[in-house]
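Examination of the molecular architecture
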Amino acid sequence: MVLQRIFRTVIMGPPGSGKGTVSGRIVKRFGLTHLSSGDLLRANVKAQTELGLLMKSCIDQGQLVPDDVISRLILTEMRSIEKSSWLLDGFPRTVAQAETLDSVCSVDTVINIDVPFQTIKQRLTSRWLHLPSGRVYNIDFNPPKISGLDDVTGEPLIQRDDDTPETITRRLKSYEIQTQPVLEYYRSKGMLETFSGTETNKIWPHIQAFLSKKLFPQNEKVVGKA
Ligand code: G5P
Ligand code: MG
């Protein structure tokens, strides 16, 4: 199915709520271009760019990087996909970032994945990542076909330096203090759509149905009097 117009969506949720996992499904199902602030930062750390070297300790300690740094990085990347429908994952994370985003484009909808913190802690310590693509695995939920290797490329998987129990606690705290106000920001604008649960496989059909309706309203059956 071809989209009739450009569609811009943001996916939010606490660390480990499944933003990356659900984004992968949205990309596959709806063909949106995925832009993840965390993946971008990790690529900079891996490539040892000046920005990556400066931000590594911030990320490893579970703190947010400064608003101006991440905003510049994301807005630069967004320029190369401005003619595509996209899905922003991990940005905005503060009200200041949300205002910056608003100043350059209009977002159609904000998907909020709401998963209890207790569920998250268990998940993140068993997460494995394919760094170049951002593909995520989990020993319990979606293990790779061959242990330690990416299903698509066969390249080695890594564990993130910020997936230790202490850093996960700090990331959740920073989410509560700095990111939850962003949910309120979008809620007050009538843009927030929240999906709650403890299992991605149960949440996903609802997100899929919601996006189908938003992206292809013409396919919705008209129910009414004959
Ligand atoms: P990131 O990279 O944006 P977070 O902390 O927001 O990191 P994270 O950890 O990437 O979010 P996620 O994408 O929400 O989590 O979750 P995921 O990877 O899909 O799923 C987590 C695990 O659970 C995986 O192993 C997956 O397989 C498994 N899983 C999924 N569903 C289920 C399920 O139903 N059951 C089970 N059992 N498992 C499941 O940001 C990282 C850092 O970068 C900086 C900050 O320092 C941040 O801490 N940063 C920013 N700083 C400032 N501003 C910004 N905008 C920034 N963006 C990034
Ligand atoms: Mg992620």
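Calculation notes
- Residue indices begin from 1 for each chain and proceed along its sequence in written order.
- Here every chain gets a letter starting at A, and every ligand a number starting at 1, in the order they are written.
- Local features in this predicted model are restricted to residues of pLDDT 70 or higher, and side-chain atom pairs are both shown and tallied only at a pLDDT of 80 or more, whereas totals for entire chains, interfaces and linings draw on every residue.
- To get the side-chain values, take all heavy atoms of the structure and skip hydrogens and water.
- UniProt positions are given in the numbering used here, feature names are shortened, and annotations may be inferred rather than shown by experiment.
- By the criteria applied, helices consist of DSSP H or I runs no shorter than four residues and strands consist of E runs no shorter than two, each listed in order from the N terminus.
- Helix span, expected: 1.5 Å multiplied by one less than the number of residues in the helix.
- Under the scheme applied here, a residue whose accessible area is under 20% of the maximum for its type counts as buried, over 50% as exposed, and between as partly exposed, the area being computed with a 1.4 Å probe on protein chains only.
- By definition, residues are in contact when any of their heavy atoms lie within 4.5 Å.
- Pairing of N or O atoms within 3.5 Å defines a polar contact, subject to two protein rules: one partner must be a possible hydrogen donor and the other a possible acceptor, and residues neighboring in sequence count only if both atoms are side-chain atoms.
- Throughout, the term near means that a residue has one or more heavy atoms lying within 4 Å of the molecule or strand in question.
- Under the convention used here, a 1.4 Å probe and the Shrake-Rupley method define accessible areas, while residue burial counts only the protein chains that appear.
- Side-chain classes are defined by residue name, with Ala, Val, Leu, Ile, Met, Phe, Trp, Tyr, Cys and Pro counting as nonpolar, Asp, Glu, Lys and Arg as charged, and the others, Gly among them, as polar.
- Buried Ala, Val, Leu, Ile, Met, Phe, Trp, Tyr and Cys residues that are joined via side-chain atoms within 4.5 Å together make up what is termed a nonpolar core.
- Salt bridges are identified by distance alone: a Lys or Arg side-chain nitrogen within 4 Å of an Asp or Glu carboxyl oxygen.
- Between any two strands, at least two bridges found by DSSP are needed for them to pair.
- Here an axis means a line fitted to C-alpha atoms, over the contact stretch when the element is a helix, while the angle between two N-to-C directions is reported on a 0 to 180 degree scale.

Named according to an unreviewed UniProt entry, the chain is GTP:AMP phosphotransferase AK3, mitochondrial originating from Salmo trutta. What UniProt states about the chain under its Subcellular location (unreviewed entry) heading is, verbatim, "Mitochondrion matrix".

Some remarks on helix H4 (residues 67-79)
Its 13 residues give H4 an end-to-end C-alpha distance of 18 Å, which sits within 8% of 18 Å, the value for a rise of 1.5 Å per residue. Buried residues of H4: Val69, Ile70, Ser71, Leu73, Ile74, Leu75 and Met78, and no others. Each element contacted by the buried residues of H4 is listed here: strand S2 (33-36), helix H2 (37-46), helix H3 (50-60), strand S3 (86-89) and helix H5 (95-104).

A closer look at the UniProt feature "binding site: AMP" (unreviewed entry) in the chain
Annotation from UniProt places "binding site: AMP" (unreviewed entry) at Ser37, Arg42, Gln63, Leu64, Val65, Gly90, Phe91, Pro92, Arg93, Gln97, Arg160 and Arg171. For the annotated residues, spread through 135 residues, the largest C-alpha to C-alpha distance comes to 24.3 Å, inconsistent with a single compact locus. As for its position among the elements, glutamine 63 is in the loop between H3 and H4. Tracing the sequence through the fold places arginine 160 in the loop between strand S6 (135-138) and helix H7 (165-188). Given a relative accessible area of 16%, arginine 160 falls into the buried group. Among all residues touching arginine 160, those that are not within four sequence positions of it are Arg42, Arg127, Leu129 and Arg171. Within the local environment of arginine 160, its side chain forms a polar contact with the side chain of aspartate 162, the two groups lying 3.0 Å apart.

Things to note about the site of ligand 1
If you check the shell around ligand 1, you find 34 residues, and the closest are Thr21, Gln63, Arg127, Arg171 and Thr200. One of the backbone N or O atoms of glycine 16 is found 2.8 Å from an oxygen atom in ligand 1. For ligand 1, a nitrogen atom lies 2.9 Å from a polar atom in the side chain of glutamine 97. Expressed as a share of its isolated accessible area of 1,100 Å², the protein-covered part of ligand 1 is 95%. Broken down by element, the shell around ligand 1 gets its largest block of residues, 4 residues, from H2. Taken together, the residues of the shell around ligand 1 sort by class into 12 nonpolar, 13 polar and 9 charged.

Structural notes on the nonpolar core
Judged by nonpolar contacts, the single largest core of 31 residues is most densely connected at Ile74, Met78, Leu88, Leu101, Val110 and Tyr186. Only strand S1 (8-12), H2, H3, H4, S3, H5 and H7 provide two or more residues apiece to this core. Considering each element in turn, this core owes the most residues, 6 residues, to H4. Leucine 88 has contacts with Thr9, Val10, Ile11, Leu35, Ile74, Met78 and Leu101, leaving out every residue within four places of it along the chain. Counting residues in each nonpolar core, the second largest holds 22 residues, with Leu32, Ile113, Phe210 and Leu211 among its members.

Some points on the pattern of salt bridges
Scanning all chains against the criterion turns up 14 salt bridges. For aspartate 161, the salt bridge is made with lysine 56, and the minimal N-O distance between the two is 3.2 Å. Linking aspartate 161 in the loop between S6 and H7 with lysine 56 in helix H3, this pair joins segments that are 105 residues apart in sequence. Given a relative accessible area of 52%, aspartate 161 falls into the exposed group.

Brief notes about the sheet that holds strand S4 (residues 109-114)
Taking strand neighbours across the sheet as the criterion, the 5 strands line up as S2-S3-S1-S4-S7 in an open arrangement whose pairing is parallel. Edge strands, defined here as strands with exactly one partner in the open sheet, are S2 and strand S7 (192-196). For this sheet, the mean inter-axis angle between neighbouring strands, taken without regard to orientation, is 20°. Bridge analysis of S2 against S3 gives 4 bridges, and the strand direction is parallel. The residue of S3 that forms the bridge with leucine 35 is leucine 88.

Some thoughts on the environment of arginine 171
Structurally, the position occupied by arginine 171 is in helix H7. Using a relative accessible area of 9% as the deciding quantity, one classes arginine 171 as buried. Sequence spacing of arginine 171 and glycine 16 is 155 residues, and the spatial spacing of their C-alpha atoms is 9.9 Å.

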